[in-house]
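# What the coordinates show
Chain by chain, the residues run as shown.
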Amino acid sequence: MSDVRVRFAPSPTGYLHVGGVRTALFNWLLARQQKGTFILRIEDTDQSRSTEEAIDAILEGMRWVGLDWDEGPFRQTERMDLYRQHAMTLLDHKQAYWCVCTAEELEARRKEAQAKGLSPTYDGRCRARGIMNPTGDAALRFKAPQEGQTVIEDLIKGEVTFDNSVLDDLIILRSNGYPTYNFSVVVDDALMGITHVIRGDDHLTNTPRQIPMFRALGYPVPRFGHLPMIMGADKARLSKRHGATSILAYRDMGYLPEAMLNYLARLGWSHGDEEIFTVPDLIKKFSLDQVQKSSAVFNPDKLLWVNAQHIQHGDPKRVSRLLRPFLDQAGVGTTAKALSDDWMVKLVLALRERAKTLADMAAAAAPYLAEEVTFEPGAAEKFLTPAIVTALTKLADRFAALSEFSHASLEQAFKHVLDEEGLKMGQLAQPVRVALTGRTATPGLFEVMELLGRERTLARLRQGIERAKAAG
RNA sequence: GUCCCCAUCGUCUAGUCUGGCCUAGGACGCUGGCCUUUCAAGCCGGCAACACGGGUUCAAAUCCCGUUGGGGACACCA
């Protein structure tokens, strides 16, 4: 185990979204590659916005994509004493002070400043008051440095310099006794021994506010790396407006977790011209050096393609296992339960080239699971006609006489009928396909027959013949 | 408004640090064809980009400055 310690620290104010997963992924990848420690911390200090449901959704999402954590999940609301203790230390050392300005006053001043075109920062009016024992509601503010510069050696962006004059005195303890974000992160990152803070670049301007707090508290300052944001097609920050943003929605649509991770990794990171990575690949090849500095647009089309690649090249056993719940959803689950793993693997092998999601695959699987054939509109009318009855009948008879119902023997029998009837493959294949599946687009015919088995193949063929006769 | 970040095909990106091998490569999508029992998959081809303007240099997508554009931050949210 190396000394690399990283964390993912979401706030439970909503579901786990795609951007959050990518941040978690990059941290996790770093930890797994360096044999370090990945910590999950729930930042729930906003009483009014945090919910238990959101925490559950975050944990469920993390588990679904397979980003397992080594420590935690910690909840900041269970660590209140720590923040208060540290806040008091700062107060004792005169690095923090009580502020009795009310939220309403501050809001009013902010608006006024903004209207005048000034910076909407706190003017520091309580700084010099030296209030020791506030009577009413009071918040604790951190004395930010006002001179000099804070320089960040960002792992991704490079050197970033801020003039400390842009800093104001941040509230670290609310009047309700809860710490604010910028303070609780510092205390936790310090106490948890975080070595690398890898987070979204929306936090870049928080960094010069946090560094002085580490110093004031006497803790070492971790390394920082700020990841570019993920945008929607309109270049605006990814949000509900851009469709599915909850990671679990992708699970429900039939995406593979490894495909999701593959796609997300490629959003902002690259390894030469490679596109498809397994999770172990990512762990081996990931590097902060190859992370992009600029934001990336989330492209659902490419995600779909990546998913198709993983369905197509992934372990068919695994795919079939993931497919089962989708068969349930498609209403053919009861049949599926009774099916052997071997048969399921055959099914996946037959369908995987034409399925981009597990939901697609489940829909394509229906003809092999349902009792009755459901004809797609127009298919029977077009292909099951009197003209094909003779050939179809001969085929059924030959199939019935087969000692072995296998791909090779079926194909041989099929060719015989073709010869006898003077037909081309396509002329007979489509009617058979429709008779067997009700559809005009399916896997190869002989795979279909193997999947169906002798009984169902013959039964459906004969039903098809009757239907073709009746069409006359 | 102030501060910070960013800038290669529509999108994701290689190339930028360590200028020349770049008449800018790959991928998604779109598109033409091949293969073919359907549909896919696969294979071959096409369209398509260094934001702009100044420098520096024998030479700039690559270095510097500016402009423009995009994004982020400026809460008793995280």
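Residues numbered from 1 in each chain as written. Chains lettered and ligands numbered in written order. Predicted model: local features only at pLDDT ≥ 70, side-chain atom pairs only at ≥ 80, totals over all residues. Heavy atoms only, no water.

## Structural notes on helix α6 (residues 207-217)
We apply this condition: Working definition: with a 1.4 Å probe on protein chains only, accessible area under 20% of the residue-type maximum means buried, over 50% means exposed, and in between means partly exposed. A run of DSSP states H or I qualifies as a helix once it reaches four residues; a run of E qualifies as a strand once it reaches two. Both are numbered from the N-terminal end.
α6 sits mainly inside the fold: nine of its eleven residues count as buried. Buried within α6 we find T207, P208, Q210, I211, P212, M213, F214, A216 and L217. Phi for G218, located one or two positions after α6, is positive at around 80°.

## Here we look at the environment of D189
Filter applied, for reference: By the convention used here, residues are in contact when the closest approach between their heavy atoms is within 4.5 Å.
For D189, the position within the fold is in helix α5 (residues 181-191). Discounting chain neighbours no more than four positions away, the residues touching D189 are R7, R41, I194, V197 and F214.

## Some words on the side chain of R22
Topologically, R22 is positioned in helix α1 (residues 18-34). Beyond its immediate chain neighbours, meaning those up to four positions away, R22 contacts L227, P228, M229, I230, L264, L267 and G268.

## Notes on the sheet that holds strand β4 (residues 96-99)
This is how it is decided: Two strands pair if DSSP finds at least two bridges between them. Axis definition: a line fitted to C-alpha atoms, over the contacting stretch in the case of helices. Angles run 0 to 180 degrees between N-to-C directions.
If you walk across this open sheet you meet the three strands as β4-β5-β8, and the pairing is antiparallel. Both outer strands of the open sheet, β4 and β8 (171-173), are each paired with one neighbouring strand and no more. The sheet shows a mean angle of 45° between the axes of neighbouring strands, taken without regard to direction. As defined by bridge partners, strand β5 (residues 139-142) adjoins β8 across two bridges and the pair is classed as antiparallel. In the strand pairing of β8, L140 is matched with L173. Along the sheet, helix α3 (residues 80-92) makes contact with β4, β5 and β8, crossing β4 at roughly 100°.

## Some thoughts on the side chain of T245
We apply this condition: Counted as a polar contact is a pair of N or O atoms within 3.5 Å, where, for protein atoms, one must be capable of donating a hydrogen and the other of accepting one, and residues adjacent in sequence contribute only when both atoms are in side chains.
In this fold, T245 is placed in the loop between β11 (230-231) and α7 (247-253). T245 sits in the buried class, given a relative accessible area of 6%. Of the polar contacts made by the side chain of T245, one reaches the side chain of Y15; its length is 2.9 Å. Those residues within four positions of T245 in sequence are excluded, and the remaining contacts are Y15, L16, H17, V18, L238, S239 and K240.

## Description of the nonpolar core
The condition is simple: For our purposes a nonpolar core is just a set of buried Ala, Val, Leu, Ile, Met, Phe, Trp, Tyr and Cys residues, chained together by side-chain atoms within 4.5 Å.
The biggest cluster of nonpolar side chains holds 104 residues, and the ones touching the most others in it are M62, L323, F399, F414, L428, V432 and M449. Counting residues per element, this core draws most heavily on helix α19 (residues 445-470), at ten residues. In this structure, L173, V187, M192 and I211 belong to the second largest nonpolar core, which totals 32 residues.

## Things to note about the protein's contact with RNA strand B
Where we set the bar: Summary of the distance rule: residues count as near a molecule or strand when at least one heavy atom falls within 4 Å of that molecule or strand. Residue polarity is assigned by list, with Asp, Glu, Lys and Arg as charged and Ala, Val, Leu, Ile, Met, Phe, Trp, Tyr, Cys and Pro as nonpolar; anything else, Gly included, falls into the polar class.
Every one of the 69 residues lining RNA strand B counts as a neighbour, but R174, G268, E353, M425 and R433 are closest to it. Contact between RNA strand B and C101: a base nitrogen at 2.9 Å from a main-chain N or O atom of the residue. One nitrogen or oxygen atom from the side chain of N206 is found 3.2 Å from a base nitrogen belonging to RNA strand B. Those elements that provide at least two residues to the surface near RNA strand B are α4 (103-115), β7 (158-163), α5, β12 (296-297), α10 (300-313), α18 (425-437) and α19. Within the surface near RNA strand B, the residues separate by chemical class into 21 nonpolar, 26 polar and 22 charged.

## Description of the packing of aromatic side chains
We apply this condition: Pairing of aromatic rings covers Phe, Tyr and Trp, the last counted by its six-membered ring, and requires centre-to-centre distances within 6.5 Å; plane angles under 30 degrees mean stacked, over 60 mean edge-to-face, and any other angle means tilted. Any Lys NZ or Arg CZ that is within 6 Å of a ring centre and within 35 degrees of that ring's normal is treated as a charge sitting over the ring.
Tallied over the full model, the rule gives eight aromatic pairs. Between the aromatic rings of Y250 and Y255, the centroid separation amounts to 5.5 Å while the plane-to-plane angle is 70°, which identifies the pairing as edge-to-face. Assigned by exposure class, Y250 and Y255 land together as buried. Ring centres 5.8 Å apart and planes at 40° place the aromatic pair W269 and F286 in the tilted group. A residue pair is termed long-range when its members are at least 10 positions apart, and W269 in the loop between α8 (257-266) and α9 (279-285) and F286 in the loop between α9 and β12 qualify at 17 residues. Accessibility expressed as a relative area gives 1% for W269, which makes it buried. Following the ring pairs from residue to residue traces out a cluster consisting of F26, W269, F277 and F286. Positioned above the aromatic ring of F26, the side-chain terminus of R22 is 5.3 Å from the ring centre. The lysine or arginine in question, R141, covers the ring of Y122, its NZ or CZ lying 3.3 Å from the ring centre.

Remember that the coordinates give geometry; whether it matters functionally is a separate question.
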